[in-house]
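Each chain is listed here by its residues.
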Amino acid sequence: MKVRRLQPGDAARVSLIHQAGLATGHASFREVAMTTAEVAGSFSLCLVAESEGVLGYAGVGATSARPVYSGVGEVSVYVAPEAAGRGVGRALLTRLVSESEEAGWWTLVAQIFPENAGSLALHRACGFEVLGVRRGLGRMGHGPMAGRWRDVVMMERRSAVAGVAEPRV
């Protein structure tokens, strides 16, 4: 398996992987997958894992346009159903953490439904910690939880190398 930067020809496959994740009802409040046109513009940094085709993707995008938060990004990791359990997510997120630090991102955040045990475990394995749970953050519009208010686990990973000008207290 090879992890590399997203290329324009990957957009259709990334959109399909995104749709498969959304279809579970435990990946996002979003109901409709990114279009191929949206894929390239959705992330400041996006990686794909491939082995005879794209198996998954991970990206980071700014959480705010305010300059003070220029190094704070929200991550997104999706793996094709047929590639689940093969280390694709871990390879992607590990590399995303490394490349994001090189690019100056000092804090990565993730918002994950509590039912998504695999994603919670993946993020913990890659150095994210749970900050808390936002109770009833949004009402689900699709999937097995449609109509229900959903909790969201807030996770964060602070870089030990990027954005560290003085010791944190």
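Report on the accompanying structure. This one's a predicted model, so the numbers in the text were calculated from it and none came from an experiment. (Residues numbered from 1 in each chain as written. Predicted model: local features only at pLDDT ≥ 70, side-chain atom pairs only at ≥ 80, totals over all residues. Heavy atoms only, no water.)

1. Let's talk about the overall build of the protein
Thought 1: Secondary structure summary: the protein contains four helices and seven strands in total.
Thought 2: The order of α-helices and β-strands along the protein, N terminus first, is β-α-α-β-β-β-α-β-α-β-β.
Thought 3: In terms of overall size, the protein behaves like a compact globule, its C-alpha atoms giving a radius of gyration of 16 Å where 169 residues would be expected to give roughly 15 Å.
Thought 4: Across its three principal axes, the protein shows a C-alpha extent of roughly 45 × 40 × 30 Å.
Thought 5: Counting across all 169 residues of the protein, residues that qualify as buried make up 43%.
Thought 6: Restricting to contacts in the protein with at least 6 residues of sequence separation, those with at least 24 account for 65%.
Thought 7: For the protein, the accessible surface area stands at approximately 8,800 Å², while carbon and sulfur atoms represent 52% of it.
Thought 8: Looking at charge distribution, the protein has the averaged site of its 18 positive side-chain charges lying 3 Å from that of its 15 negative ones. (Helix = DSSP H or I, 4+ residues; strand = E, 2+ residues; numbered from the N terminus. Rg over C-alpha atoms; globule rule 2.2 N^0.38 Å. Buried < 20%, exposed > 50% of the residue type's maximum accessible area, 1.4 Å probe, protein only. Contact = heavy atoms within 4.5 Å. Areas by Shrake-Rupley, 256 points an atom, 1.4 Å probe, with all protein chains shown as cover. Lys, Arg positive; Asp, Glu negative; His and termini not counted. Charge placed at Lys NZ, Arg CZ, Asp CG, Glu CD.)

2. Looking at the state of the cysteines
Thought 1: For the coordinates displayed, the defined rule picks out zero disulfides.
Thought 2: Lacking any disulfide linkage, Cys46 is separated from the closest cysteine sulfur, that of Cys126, by 16 Å. (Disulfide = S-S within 2.5 Å.)

3. A word on the packing of aromatic side chains
Thought 1: A full pass over the atoms with the stated rule returns three aromatic pairs.
Thought 2: Where Phe29 meets Phe113, the ring centres are 5.0 Å apart and the plane angle is 85 degrees; that geometry is what we call edge-to-face. In this pair, Phe29 sits in the loop between helix H1 (11-23) and helix H2 (36-41) while Phe113 sits in the loop between strand S5 (107-112) and helix H4 (117-125), placing the two residues 84 residues apart along the sequence.
Thought 3: Taking relative accessible area as the criterion, Phe29 reaches 29% and is therefore assigned partly exposed.
Thought 4: In this structure Phe113 comes out as buried when scored by relative accessible area, which is 4%.
Thought 5: Both rings, one in Tyr57 and one in Tyr78, keep their centres 5.4 Å apart while their planes meet at 5 degrees; by these two values the pair is stacked. With a gap of 21 residues between them, Tyr57 in strand S3 (residues 54-62) and Tyr78 in strand S4 (residues 72-79) connect regions that are remote in the sequence.
Thought 6: Residue Tyr57 is classed as buried on the basis of its relative accessible area, which comes to 0%.
Thought 7: Each member of the aromatic cluster is reached from another via a ring pair, and the members are Phe43, Tyr57 and Tyr78.
Thought 8: Residue placement shows Arg150 over the ring face of Phe113; its charged tip is 3.7 Å from the ring centre. (Phe/Tyr/Trp six-rings, centres within 6.5 Å; stacked < 30°, edge-to-face > 60°. Lys NZ or Arg CZ within 6 Å of the ring centre and 35° of its normal.)

4. Remarks on unusual backbone geometry
Thought 1: Look at Glu52: it is not a glycine, yet its phi comes out positive at around 60 degrees.
Thought 2: By relative accessible area, Glu52 is classed as exposed at 87%.

5. Focus: the pattern of salt bridges
Thought 1: Applying the stated criterion to the full structure yields nine salt bridges.
Thought 2: Across the pair Glu99 and Arg95 runs a salt bridge, and its minimum N-O distance is 2.6 Å. Taken together, the residues Glu99 and Arg95, both in helix H3 (residues 88-102) and four residues apart, mark about one turn of the helix.
Thought 3: Glu99 sits in the buried class, given a relative accessible area of 10%.
Thought 4: For the salt bridge of Arg150 with Glu115, the shortest nitrogen-to-oxygen distance reads 2.9 Å. Here Glu115 lies in the loop between S5 and H4 and Arg150 lies in strand S7 (residues 149-158), a separation of 35 residues in the sequence.
Thought 5: Here Arg150 falls in the buried class, since its relative accessible area comes to 1%. (Salt bridge = Lys/Arg side-chain N within 4 Å of Asp/Glu carboxyl O.)

These figures capture arrangement, not role.
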